[in-house]
Amino acid sequence: MNWLKQLTSRQKQYSELSEEIREHLDEKTEELIATGMSRQDAAAAARREFGNVSLIEEDSRSVWRWASVEQFLSDVRFGFRILRKNSGFAAVAILTLALGIGANTAMFSVVYGALLSPLPYPNPDQLVMVWSKTNGHRNSVSAGDFLEWKRQNSAFQDLVAWSGGSFSLSIAGRPEIIHARITSPGFFSMQGIPLSLGRDFLPEEANVGANHVAIMTHSLWLDRFGGDPRIIGQQIRLNGESYTVVGILSAGMPDRFESYLFVPLAFTPEQINHDVRWLAVMGRLKTGVTLQQANADMDAVTRRIAGDFPASNKGWTASVEPLKNDFTSRDTIKDLWLLLGAVAFVLLIACVNVANLLLSRATMRQKEVAVRSSLGATRCQLFSQFLAESLALALIGGAVGIALAWILLRVIVVLLPPFSIPTEADIHLNLTVLLFSLAATLLAGILCGSAPAWQSSRCNLSDALKEGGRSDSAAGRHGLRKTLVVVEFALALALLAGAGLVIHSFWKLTRVDFGFRQDHVLTFFLPIQADRFSNPEQISAFYRRLLDRIEAVPGISSAAASTGLPILGSFGSVPFTIAGQPAGDAAARPGTGFSAVTPEYFRTFGIQITEGRGFSEQDVANGMPVAIVNETFAKKYFSGVDPLAQRVIVDQLIPGSPRAGSPIEWRVIGVSHDVRNGGIHDQGFSEIAVPFWQSPWPNAGVSLRTAGDPAGVRNTIAAVIQSVDSDLALDQVRTMDQIVHESLAGYRFATVLFAAFAAVALVLAAIGIYGVMSFAVAQRTHEIGLRMALGADSRHVLVLVLREGMLLALAGLVLGLGGAYFVGRTMNSVLYEASAIDPLAVGSVAAVLFLSAVVACYLPAHRAAQVDPMIALHHE
Amino acid sequence: MKKDNDRDLFPGALEMMILRTLKRQPLHGYALVQHIKRTSNDLLQIEEGSLYPALQRLLKAELVKADWSTSATNRRVRIYKLTAAGKKHLERQVSSFERMIEGITRVLAPGES
């Protein structure tokens, strides 16, 4: 600990040294006075004999230091002082760096929180999702498979299954839909989510009859039950039935879950089969078991199951995947990384800008450098001095940047589409993020400081000291500044081209033909349980009554019930065959999107029937089964034949049962325009629609077309539904415009951020070229004056300066095209209908950049043209 | 970075002279530099101040130690003393210095060739 002792005793050493030197001078002075000198002369002589007191003291002190580090720190301190003296310059540079560092810090917080940080559970690496897999595609898991996996595996401490659901929670007679998770007991204990009150589900609560218990999130408890701790043991009404509350989750992260309510998953004997796949399965690996070992174990297990149940499980295996980011879409992951890349560009551009500023300032500080080096400063000392100044600059910029990031992060979190990033993600400025910012700051300091420091430390003494001397090194410096501007423009073009691609692709998405009219439509779901009806006729009767009452409301032109809604998805995919064609293996039937809709569905959504007719009220349960296929279906399966003469065989749906019934021949009576049922990207999928009255389903979507604002009839409709059934709540009440808007949220997020970062880059690039040209004009005032004195007119000078700036911008743009191509190729996979080189996007951003360069150069050019030759020539 | 304070001497010479002087008797800085100047008959032009960085180096290397006391003229002074390590170091330095001087003398001697 010698160095520690040194550090603490150092102050003492220093003061002792000062005292000693003082005593020395005193003693010498006294002695000289004794020889007859005056006190004043004696003091001067003593000092003369002694040498340079402060230098000697400094040298003596430096014996005790870690020379280089402390020297550098004192350089940084000096740097801060210099910056204080040049507050204007410092403000611009600091703000520029702060923009870059702030944007990087904010984006990194998001990327770190969403993608990199470990999940907030004990031993998070042990948590895995286990999916069924066939033909390389993962799938949900059947109850039978899950139970077998649980029994046969040797890799997991525990396996739990869950399914989503929703319950109508009635408080004081007012029903409300709550999203719920129906989960195996042990889920919270296994994952490591603590409860703040009560207990986790017990194993025996996985049995029908014992499963009327519930756990809720802290936020639901606070919102709906006022945070009353006596809730434990109390009954709540879910779907009209009594459930006992047994636990409340802890506050914080679980409140971000998509579900607020949890009930035990209890399988009915009918549900335990191997062909209906509807569960999500999570597991915790045994200590020391790797993912590969778990996959190998599951391979063995699934092979055994496939041997036992070949009809349902032939070709089905399982895939064990880390829980981390298993629910984050690849697009989101790519978007986030791309945005981080974009802000890295912004930081680079900011660094180039500050480097330019430093260079121009270095030109003005040439004399200072010359004086320093003539006083004995070595080149290394000068270099480290200049670097220290840029580091001081970067450090302040970093501090301001972190404050900026704090604000930016608030905006980003608001913009982030809900549930696009893992619910565990806690996005804020934590230690890791701050370390990242520090690294970015130091990097920025070195990046923007190195070139100017190198240039400045290479000083030609005699030239610099000559008054008004114009030296070669100044020309070289200007060359470097021009190079930097070219680089800056190239970087800016690459980034702007990326942003242009994103914006163009978003623009295309917003004008896609979704196949339906989204205006003036209100939609909602009715999450009615199947056991409410004893037969399909009751379902039809219920919805008929409901739709009649809705249509009776003034201002509503049509209302429809359907098993799915555009964008949100149809009923699902069903296997089918075409009558008259050879029926192959039942398991090898092709699949098609399937939905059951009431006759008014096509009118409500404005979906065109391109051939044949739509459904009518005559297409009822005991009539001939009819179907409408979409254009893709007709093209794909009825090419060369009349679709209206075809019949499609699809198994009957049995309400409330996941199993299919007997096959039915549906006669094709019409062809409809393609509708993007599966989401805005969904395109080219075949679909079949059948009359809802011929294939009723208990929990359906309801849509209605209004004359006025669809959101305005919301309460009226809720009242109508209540009049039919007072226990029934509406789920997900939204206008179709809203649904489309929400489904674009992910793209909007990326687009807005990209555009914002690109705008920053554009401004920085413009400032950069403006700075260089202004400085060039200021430096060349003499030359311009001379030119004008020799007969050049102001127009000529204007063109001269503009041309120089334009050449720089053009060189940068040409260089940037290569970068743009590279960026485009990277982004290609993420974007909607975009190619690597999007001439429109690249062309327009190049034009914007060039225009900004013209404006930025015009100002200094105009100033140059106003130069009065007399003043310019007198000036030096 | 380091200023060459003992420009007229070879590196380490000043330290050697300090150690040698202190071997005779402990002294404070001012007395030390006066002694060196006097005994060299003022042949060595050293800045009085250049003594101090050298003293700090010796202190840091623990070849000397320093204690505050009061001088005969009632002045607060810091008296430097040679340590055991300092004594050993001085012997090594002197013998290598003598070898060097001998070598130089031989080279400089009016040769027979």
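Criteria and cut-off values
- Residues numbered from 1 in each chain as written.
- Chains lettered and ligands numbered in written order.
- Predicted model: local features only at pLDDT ≥ 70, side-chain atom pairs only at ≥ 80, totals over all residues.
- Helix = DSSP H or I, 4+ residues; strand = E, 2+ residues; numbered from the N terminus.
- Rg over C-alpha atoms; globule rule 2.2 N^0.38 Å.
- Buried ≥ 20, exposed ≤ 12 C-beta atoms within 10 Å, placed from the backbone.
- Contact = placed C-beta atoms within 7 Å.
- Pairing = 2+ DSSP bridges.
- Axes fitted to C-alpha atoms, helices over the stretch in contact; angles between N-to-C directions.
- Parallel < 35°, antiparallel > 145°, perpendicular 65-115°, else oblique.
- Left-handed = near helix turned anticlockwise from the far one by under 90°.
- Nonpolar A, V, L, I, M, F, W, Y, C, P; charged D, E, K, R; others polar.
- Domains from an automatic or database assignment.
- Core = buried A, V, L, I, M, F, W, Y, C linked by C-beta atoms within 7 Å.
- pLDDT = per-residue confidence, 0-100.

Peer 1: Help me get a handle on the overall build of chain A, residues and values and all.
Peer 2: Scanning chain A from N- to C-terminus turns up 26 helices and 23 strands. In summary, chain A has a C-alpha radius of gyration of 38 Å against a globular reference of 29 Å for 876 residues, an excess of more than 25%. Counting only C-alpha atoms and orienting by the principal axes, one finds that chain A spans roughly 130 × 75 × 55 Å. Of all 876 residues assigned to chain A, the portion counted as buried reaches 42%. For chain A, contacts bridging at least 24 residues in sequence account for 83% of all contacts bridging at least 6.

Peer 1: With reference to specific residues and values, describe the sheet that holds strand β3 (residues 76-82) of chain B.
Peer 2: Residue and element names in this part refer to chain B. Ordered in space as β1-β3-β2, the 3 strands form an open sheet in which the pairing is antiparallel. Only two strands of the sheet have a single neighbouring strand rather than two, namely β1 (27-28) and β2 (64-70). Here β2 pairs with β3 via 7 bridges, running antiparallel. Within the sheet, the bridge partner assigned to Lys 65 lies in β3 and is Lys 81. With respect to the sheet, helix α1 (residues 13-24) is in contact with β1, β2 and β3, its orientation differing from that of β3 by roughly 95 degrees.

Peer 1: Which residues make up the packing of helix α6 (residues 143-152) of chain A against helix α9 (residues 291-308) of chain A, and what values do they have?
Peer 2: All names here are of chain A. Across the interface, α6 lies against α9 with an axial gap of 10 Å and an inter-helix angle of 130 degrees. The angle between α6 and α9 falls in the class oblique. The way α6 lies across α9 gives a crossing that is right-handed. Together, Asp 145, Glu 148, Trp 149 and Gln 152 of α6 and Val 301, Arg 304 and Ile 305 of α9 make up the contact between the two elements. Of the residues that constitute the contact of α6 with α9, the class distribution is 3 nonpolar, 1 polar and 3 charged.

Peer 1: If you had to explain the domain arrangement of chain A to someone new, which residues and values would you point to?
Peer 2: Looking at chain A, the domain boundaries give domain 1 (2-65), domain 2 (124-322), domain 3 (330-511 + 745-874) and domain 4 (528-728). Spacing between the C-alpha centres of domain 3 of chain A and domain 4 of chain A amounts to 57 Å.

Peer 1: Tell me about the interface of chain B and chain A, residues and numbers included.
Peer 2: Across the boundary between the two partners, chain B contributes 18 residues, which contact 19 residues of chain A. Counting residues per element, the ones that place at least two in the side of chain B that touches chain A are α2 (29-39), α3 (51-60) and β3 of chain B. Per-element tally for the side of chain B that touches chain A: the top contributor is α3 of chain B, with 5 residues. By residue class, the composition of the side of chain B that touches chain A is 5 nonpolar, 5 polar and 8 charged.

Peer 1: Provide a residue-level description of the pairing of strand β11 (residues 277-285) of chain A, including the pertinent values.
Peer 2: All names here are of chain A. With respect to burial, β11 is a largely interior element, 7 of its 9 residues being buried. Of the strand pairs in this sheet, strand β1 (residues 127-134) and β11 are connected by 4 bridges, and their pairing is antiparallel. From the neighbouring strand, Val 130 faces β11, where its bridge partner is Val 281. With 2 bridges joining them, strand β3 (residues 141-142) and β11 adopt antiparallel strand pairing. Within β11, the position partnered with Ser 142 by the bridge is Arg 277. The pairing of strand β4 (residues 156-171) with β11 spans 6 bridges and is classified as antiparallel. Across the sheet, Ala 161 pairs through a bridge with Val 281, a residue of β11.

Peer 1: Explain unusual backbone geometry residue by residue, including any values.
Peer 2: Phi is mostly negative for residues that are not glycine, and the peptide bonds are mostly trans. Residues and elements named next belong to chain A. One non-glycine residue, Asn 325, lies in positive phi territory at about 65 degrees. Looking at the secondary structure, you find Asn 325 in the loop between β12 (316-322) and α11 (330-364). Using a count of 18 C-beta atoms within 10 Å as the deciding quantity, one classes Asn 325 as partly exposed. Residue His 520 is not a glycine yet carries a positive backbone phi of 55 degrees. With respect to the secondary-structure elements, His 520 resides in the loop between α16 (472-510) and β13 (521-526). Looking at His 520, the number of C-beta atoms within 10 Å reads 18, which means it is partly exposed.

Peer 1: Give me the lowdown on the nonpolar core, citing residues and values where you can.
Peer 2: Residue and element names in this part refer to chain A. One finds Val 346, Leu 493, Phe 757, Ala 761 and Ile 769 to be the most contacted residues of the largest nonpolar core, which totals 123 residues. Looking at this core, the element that brings in the most residues is helix α22 (residues 745-779), giving 21 residues. In contact with Val 346, not counting residues within four places along its chain, are Leu 99, Gly 100, Ala 103, Phe 757, Val 760 and Ala 761.

Peer 1: For the pairing of strand β19 (residues 647-653) of chain A, give the residues involved together with the corresponding values.
Peer 2: Residue and element names in this part refer to chain A. Note that strand β15 (residues 572-578) and β19 share 3 bridges and pair antiparallel. Looking at the pairing, Thr 577 lines up with Ile 649 of β19. By the bridge criterion, 6 bridges tie β19 to strand β20 (residues 660-672) in an arrangement that is antiparallel. Each bridged residue has a counterpart across the sheet, and for Ile 649 the counterpart in β20 is Glu 665.

Peer 1: I'd like a description of the packing of α1 of chain B against α3 of chain B, backed by residues and values.
Peer 2: Residue and element names in this part refer to chain B. Contact pair α1 / α3: the axes reach a minimum separation of 10 Å and the direction vectors enclose 70 degrees. One finds that α1 runs roughly perpendicular with respect to α3. The residues of α3 that touch α1, namely those facing Leu 14, Glu 15 and Ile 18, are Ala 54, Leu 55, Arg 57 and Leu 58. The residue inventory of the contact of α1 with α3, partitioned by class, reads 5 nonpolar, no polar and 2 charged.

Peer 1: Mind laying out the environment of Glu 30 of chain A, listing which residues take part and the relevant values?
Peer 2: Residue and element names in this part refer to chain A. Mapped onto the elements of the fold, Glu 30 is located in helix α1 (residues 2-34). Residue classification places Glu 30 among the partly exposed residues on the basis of 14 C-beta atoms within 10 Å. Each C-alpha atom, one on Glu 30 and one on Arg 48, is 15 Å from the other, the two residues being 18 residues apart in sequence.

Peer 1: Residues and numbers for the confidence of the model for chain A, please.
Peer 2: In the predicted model, chain A carries a mean pLDDT of 86, and the fraction of residues at 70 or more is 95%. Under a pLDDT of 50 for its full length, residues 468-472 of chain A has, in the predicted model, 6 contacts with residues more than four places off or in other chains.

Peer 1: Which residues make up the confidence of the model for chain B, and what values do they have?
Peer 2: Residue and element names in this part refer to chain B. Summarising the model, chain B shows a mean pLDDT of 81, and 88% of its residues fall at 70 or more. Of all helices and strands in chain B, the one with the weakest mean pLDDT is α2 (85), whereas β1 scores best (88). Scored below 50 in pLDDT, residues 1-7 shows 11 contacts in the model against residues more than four places distant or in partner chains. Model confidence for the complex is summarised by a pTM of 0.75, with the ipTM given as 0.81.

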